[in-house]
Amino acid sequence: MSDATLLDLSFDALSHQLGGLPAYRARQIWQGVFGDLAVDYNDITTLPRALRARLARDLPFPVADPVREEESADRRTWKTLFRLADGETIESVTMKFSERRTVCVSTQVGCPIGCPFCATGASGFARNLTVGEIVAQVLHAARRLDSEGDSLSHVVYMGMGEPFLNYDAVLDSIRILNDARGFSLGARSFTVSTAGIISGIDRFAGEKIQANLAVSLHAADDATRDRLVPINRRHPTAPLLAACRRYTERTRRRITFEVTLFDGVNDTRRHAEALVDRISDLLCHVNLIPYNSPSNAPFCGSSPQRIRAFEQALSRARIPVTIRHSRGTDIRAGCGQLRSDAGDARKDEESACPPTR
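So, how was this worked out
Residues numbered from 1 in each chain as written. Predicted model: local features only at pLDDT ≥ 70, side-chain atom pairs only at ≥ 80, totals over all residues. Heavy atoms only, no water. Salt bridge = Lys/Arg side-chain N within 4 Å of Asp/Glu carboxyl O. Buried < 20%, exposed > 50% of the residue type's maximum accessible area, 1.4 Å probe, protein only. Helix = DSSP H or I, 4+ residues; strand = E, 2+ residues; numbered from the N terminus. Pairing = 2+ DSSP bridges. Axes fitted to C-alpha atoms, helices over the stretch in contact; angles between N-to-C directions. Contact = heavy atoms within 4.5 Å. Phe/Tyr/Trp six-rings, centres within 6.5 Å; stacked < 30°, edge-to-face > 60°. Lys NZ or Arg CZ within 6 Å of the ring centre and 35° of its normal. Polar contact = N/O pair within 3.5 Å; in protein donor to acceptor, adjacent residues only side chain to side chain. Core = buried A, V, L, I, M, F, W, Y, C linked by side-chain atoms within 4.5 Å.

Here the focus is the pattern of salt bridges. Scanning all chains against the criterion turns up 23 salt bridges. For Arg-75, the salt bridge goes to Glu-71, with nearest N and O atoms at 3.7 Å. Classification of Glu-71 by relative accessible area gives partly exposed; the value is 31%. For Asp-150, the salt bridge identified is with Arg-101, shortest N-O distance 2.7 Å. Of this pair, Asp-150 sits in the loop between helix H5 (131-147) and strand S7 (154-157) while Arg-101 sits in strand S4 (residues 101-104), and the two are 49 residues apart along the sequence. By relative accessible area, which is 21% here, Asp-150 ends up partly exposed. Three or more residues joined by partner-sharing salt bridges are found here, namely Glu-69, Glu-71, Arg-75, Lys-96, Arg-144 and Glu-148.

Next up on the list: the sheet that holds strand S11 (residues 284-290). Read across the sheet, ten strands follow the order S1-S2-S3-S4-S7-S8-S9-S10-S11-S12 without closing on themselves; strand pairing throughout is mixed. Each end of this open sheet is capped by a strand with a single partner; those strands are strand S1 (64-71) and strand S12 (321-323). Sheet twist, expressed as the mean angle between neighbouring strand axes with direction ignored, is 20 degrees. Bridging between strand S2 (residues 77-84) and strand S3 (residues 89-96) involves seven bridges; their strand directions are antiparallel. For Lys-79, the partnering residue across the bridge sits in S3 and is Val-93. Against the sheet, helix H9 (residues 237-251) engages strand S9 (212-216) and strand S10 (255-261), with an angle of about 145 degrees to S10.

With that out of the way, let us pick up the environment of Leu-152. Along the chain, Leu-152 falls in the loop between H5 and S7. The buried category is assigned to Leu-152, whose relative accessible area is 10%. Each C-alpha atom, one on Leu-152 and one on Arg-100, is 7.6 Å from the other, the two residues being 52 residues apart in sequence. If we skip the residues at most four places from it in the chain, Leu-152 touches Arg-101, Thr-102, Val-103, Val-138, Ala-142, Leu-145, Phe-183 and Leu-185.

All right, on to unusual backbone geometry then. In most cases, non-glycine residues show a negative phi, while peptide bonds are predominantly trans. With an omega dihedral of 0 degrees, the bond running from Phe-61 to Pro-62 counts as a cis peptide bond. Tracing the backbone through its elements, the reader meets Pro-62 in the loop between helix H3 (49-58) and S1. Positive phi values are uncommon outside glycine, yet Arg-75 reaches one of about 60 degrees. With respect to the helices and strands, Arg-75 occurs in the loop between S1 and S2.

Further remarks concern the packing of aromatic side chains. Within this structure, the stated rule accounts for ten aromatic pairs. An angle of 45 degrees between the planes, with centres 4.9 Å apart, marks the rings of Phe-117 and Phe-262 as tilted. In this pair, Phe-117 is assigned in the loop between strand S5 (108-110) and helix H4 (119-122) and Phe-262 in the loop between S10 and helix H10 (269-279), connecting sequence segments 145 residues apart. Given the relative accessible area of 0%, Phe-262 is considered buried. The cationic tip of Arg-100 hangs over the ring face of Phe-97; the distance from NZ or CZ to the ring centre is 4.4 Å. One cation-aromatic arrangement involves Arg-144 over Trp-78; the distance from NZ or CZ to the ring centre is 3.8 Å.

On the secondary structure map, Ser-10 appears in the segment before helix H1 (11-17). The exposure class of Ser-10 is partly exposed, given its relative accessible area of 32%. Every residue in contact with Ser-10, bar those within four places of it in the chain, is listed here: Trp-30 and Ile-176. Within polar-contact distance, the side chain of Ser-10 engages the backbone nitrogen of Ala-13 at 3.1 Å.

Turning our eyes to something else, we now look at the nonpolar core. Counting 105 residues, the largest nonpolar core has Phe-34, Tyr-157, Phe-183 and Phe-257 as its most contacted members. Ranked by the residues each element gives to this core, the list is headed by H5, at nine residues. In terms of nonpolar packing, the next biggest core, distinct from the first, is built from five residues, Val-93, Phe-97, Cys-104 and Val-156 among them.

Let us now look at the pairing of S3. Of all eight residues in S3, eight are buried; the element is thus mostly enclosed. Two successive antiparallel strands, S2 and S3, enclose a turn made up of four residues, where Gly-87 displays a positive phi of approximately 95 degrees. Across four bridges, S3 lies against S4 in antiparallel orientation. Within S4, the position partnered with Thr-94 by the bridge is Val-103. Connecting the antiparallel pair S3 and S4 is a turn made up of four residues.

This is the structure in structure tokens:
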């Protein structure tokens, strides 16, 4: 067998990997992993003991070890820190909404984009995650929900890293989790979020799988977006929004624009009007996101009043808009915060932001 882990493999690749074994063995493994949510081969009791031992030796499973977990006071959000085989750490966040159970997964160890408001960006970039390391995060969330008599309904690629800089692994993980022979999560239950990788958007538009696209826009003018999303200097707003138009024209699917609002930085009337001017003709929806500030953040979140005024400006222009309800603020569930806490002796310091007005 190769160096691949079990969770790196599609069903067809697993069947090929098993070589001369009967075809039904792949189905038994697939059912054990994605249907019964087995933790290891010993849980797949339909397999002979000798085969389980051979697989454990030759086709490792799992690939991510949960080493720390924190739960919000309302028990509707928890974040998990995983240690990978090489000692690196990543995190995911699972959230319970009224009708959805969503896990937000990481796609890279760290992130090369370097957005100044993001705890992940401050940690630098180490490497891409493998397909199996992405899938393992989803299965961990599914197992915990299953233990509570619940089930996972959505997966969002909005955790650590830029998904379109690890494009193949992200798409392969979606295909594995979407496969009707296994986990069978509907394609429209997946959302991939990009900071604005134009080539990734164009490529994603051509995929047959109907996963959703979100773009972390944050501002519609280059001066502001340069400050918030450094990659904007290479992928400015005009060509980025042109790629978004190509995407909607080709797929007929709506894009979600994510706009995290920062006090006095991108939350003024001028910023709202600029956004209206740039996206009013696009098939889109805008998510306004209150900022979950890490310690010593360079920006402060906008007040509820400023967020509401921004929402009203978009609504008046008939742009669909919602204010995202923050989850896990009491456990600092923002991207990268648990990982940075694990290695930060100053983790108990308070944010420098003043009380919201």
